[in-house]
Amino acid sequence: MSGSLTDVPGLAVGHHSMESTGVTVIRVLDADGALAAVDVRGGGPGTRETDLLDPHNTVERVHAIALAGGSAFGLAAADGVMRGLAQRKMGFPVTENIRIPIVPGAVIFDLLVGRQTLPGAAQGVEALKDSYRVASQRRSGSVGAGCGAMAGRLRGGVGQAAIGVGDYRVSALVVANPVGEVVNPADGTLWGDPSARVDAEAFSTLKAPAGALNTTIGVIATDAPVTAAQAKRLAISGHDGIARAVRPAHLPMDGDALFALSTAWQPLGVETRVLAHLCAGAAHAVQAAIVDAVRSAAPGGDLGVTAYSEIPA
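Residues numbered from 1 in each chain as written. Predicted model: local features only at pLDDT ≥ 70, side-chain atom pairs only at ≥ 80, totals over all residues. Heavy atoms only, no water.

Asker: Whenever I open this one, the environment of Pro299 confuses me. Can you help?
Answerer: Position of Pro299 relative to the elements: it lies in the segment after α5 (272-296). For the pair Pro299 and Gly120, spaced 179 residues apart in sequence, the C-alpha separation works out to 26 Å. Those residues within four positions of Pro299 in sequence are excluded, and the remaining contacts are Arg155, Ala307, Ser309 and Glu310. (Helix = DSSP H or I, 4+ residues; strand = E, 2+ residues; numbered from the N terminus. Contact = heavy atoms within 4.5 Å.)

What follows is the structure, encoded as structure tokens:
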């Protein structure tokens, strides 16, 4: 499976990459935002504005999602995204002259890789600016929030994938940074794609950073006109993709969180049968995005980590 998050119309992606951390922004093109939901499964999440997205609460639409490294420090990046959008007159209309951008976010723990540089509001602004450059939309690997990501013993990163589901599209962008392994140590195949293989003996010599506190975070998008509750179901199902590509997943040290966005004009809802297929597509897209992140990761010699591409097949 290939593709990118922006295969679903109405979204843009931007990155700001630092030496071993960074920020990735998913920007909604419509000034009124996109319907959103979130599901958090990890035991150690670092998130912002997730309570806002419960289906029973008032605000259902967001204007961007900010994903960052830097652990809890990286949540500051969302403030820069918010202020940058406000300068562009994007946001929830409070009065004729006041609009408040809604920018939920999530972070990964990457402080044990490279130098402890911390992304903040200024880096959020730069990632937002990058989302206006067409060339950034389909980038994967060691970019943005994925610069310092680790996938078990291998270098992680940003991955993207998309799938057609009937008349609709479902796509995913994931920052793969799990505690669990993405490689089956018995035979060297990727859990998420058994057709991809590394040398099992060479893999067994690698070690993950000591004391890892990791997280897999990301965004699922669709152009299907789902309701807020149905978007929540997409986010829930997306975690099945994490569980397929990472073993074990959703550990106490992980902070696994997936957002779901619908760029459809009105949340009219879809039939249960259609929702079931969309949910299956969400799981497939997340699984494929994690594989893309690992296979696209740049060699990590300067950071003292090993990428998938550096291990013999």
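Asker: What is the right way to read the pairing of strand β16 (residues 217-222) from this model?
Answerer: Across a regular strand the side chains alternate sides, sitting on one face of the sheet and then on the other. With six of its six residues buried, β16 lies for the most part within the structure. In β16, alternate side chains face the same way, and those of Ile217, Val219 and Ala221 on one face and Gly218, Ile220 and Thr222 on the other are all buried. Here strand β13 (residues 168-176) runs beside β16; their pairing, made up of six bridges, is antiparallel. Along β16, the bridge assignment pairs Leu173 with Val219. The pairing of β16 with strand β17 (residues 257-262) spans six bridges and is classified as parallel. (Buried < 20%, exposed > 50% of the residue type's maximum accessible area, 1.4 Å probe, protein only. Pairing = 2+ DSSP bridges.)

Asker: For this particular structure, what's the right way to read the side chain of Asp110?
Answerer: Checked against the element boundaries, Asp110 lands in the loop between β9 (105-107) and α2 (121-130). Here the side chain of Asp110 touches Thr21 through a polar contact of 2.8 Å, side chain to side chain. Those residues in contact with Asp110, other than ones at most four positions away along the chain, are Ser20, Thr21, Gly69, Gly70, Ser71 and Gly148. (Polar contact = N/O pair within 3.5 Å; in protein donor to acceptor, adjacent residues only side chain to side chain.)

Asker: Sorry if this is basic, but what is going on with the packing of aromatic side chains here?
Answerer: Under the criterion given, the structure shown has zero aromatic pairs. One residue, Arg27, lies across the ring of Tyr132, its end atom 3.6 Å from the ring centre. (Phe/Tyr/Trp six-rings, centres within 6.5 Å; stacked < 30°, edge-to-face > 60°. Lys NZ or Arg CZ within 6 Å of the ring centre and 35° of its normal.)

Asker: What is the right way to read the nonpolar core from this model?
Answerer: Note on soluble globular proteins: their nonpolar side chains tend to be buried together. Leu154, Val182, Leu190, Leu278, Val286 and Ile290 are the most contacted members of the largest nonpolar core, which has 47 residues in total. Among the elements of the structure, β3 (34-40), β12 (157-165), β13, α4 (228-245), β17 and α5 are those that each provide at least two residues to this core. No other element matches α5, which puts 13 residues into this core. Apart from residues no more than four positions distant in its own chain, Leu190 is found in contact with Val182, Val183, Ala196, Val291, Val294, Arg295 and Tyr308. Ile102, Ile108, Ala145 and Leu261 belong to the second largest nonpolar core, which has 29 residues in total. (Core = buried A, V, L, I, M, F, W, Y, C linked by side-chain atoms within 4.5 Å.)

Asker: Before we go on, may I ask you to explain the side chain of Arg27 in this structure?
Answerer: Structurally, the position occupied by Arg27 is in strand β2 (residues 22-28). One buried charged residue, Arg27, remains without a salt bridge, the closest side chain of opposite sign being Asp130 at 9.8 Å. Reaching out from Arg27, the side chain makes a polar contact with the side chain of Ser131 at a distance of 2.7 Å. Excluding anything up to four places from it in sequence, Arg27 contacts Gly10, Leu11, Ala12, His63, Ala64, Leu85, Leu128, Ser131 and Tyr132. (Lys, Arg positive; Asp, Glu negative; His and termini not counted. Salt bridge = Lys/Arg side-chain N within 4 Å of Asp/Glu carboxyl O.)

Asker: Please explain the packing of helix α1 (residues 77-87) against α2 as it appears in this structure.
Answerer: Two numbers describe a pair of packed helices, the interaxial angle and the distance between the axes. Where α1 meets α2, the axes come as close as 6 Å, and the angle between the chain directions of the two elements is 50°. As judged from the angle between their axes, α1 and α2 are oblique. Here α1 runs over α2; the crossing is right-handed. Mapping the contact onto sequence places Ala77, Asp79, Gly80, Val81, Gly84 and Leu85 in α1 and Ala121, Gly124, Val125 and Leu128 in α2. Of the residues assigned to the contact of α1 with α2, the class counts are six nonpolar, three polar and one charged. (Axes fitted to C-alpha atoms, helices over the stretch in contact; angles between N-to-C directions. Parallel < 35°, antiparallel > 145°, perpendicular 65-115°, else oblique. Left-handed = near helix turned anticlockwise from the far one by under 90°. Nonpolar A, V, L, I, M, F, W, Y, C, P; charged D, E, K, R; others polar.)

Asker: Is there a simple way to think about α2 in this case?
Answerer: Side chains three or four residues apart in an α-helix point the same way, a direct result of the helix having 3.6 residues per turn. By the burial criterion, the buried members of α2 are Gly124, Ala127, Leu128 and Asp130. Seen from one end, α2 has its buried residues packed into an arc of 160°, which puts them on one side. In this structure, the buried residues of α2 make contact with β1 (11-17), β2 and α1. (Arc of directions from axis to C-beta.)

Asker: Just checking my understanding: could you explain the environment of Ile220 for this structure?
Answerer: Positionally, Ile220 belongs in strand β16. Through-space distance from the C-alpha of Ile220 to that of Gly281 is 9.8 Å; in sequence the pair is 61 residues apart. Residues within four places of Ile220 in sequence aside, it is in contact with Val170, Ser171, Ala172, Leu234, Ala235, Gly238, Leu258, Phe259, Ala260, Leu261, Ala282 and Val286.

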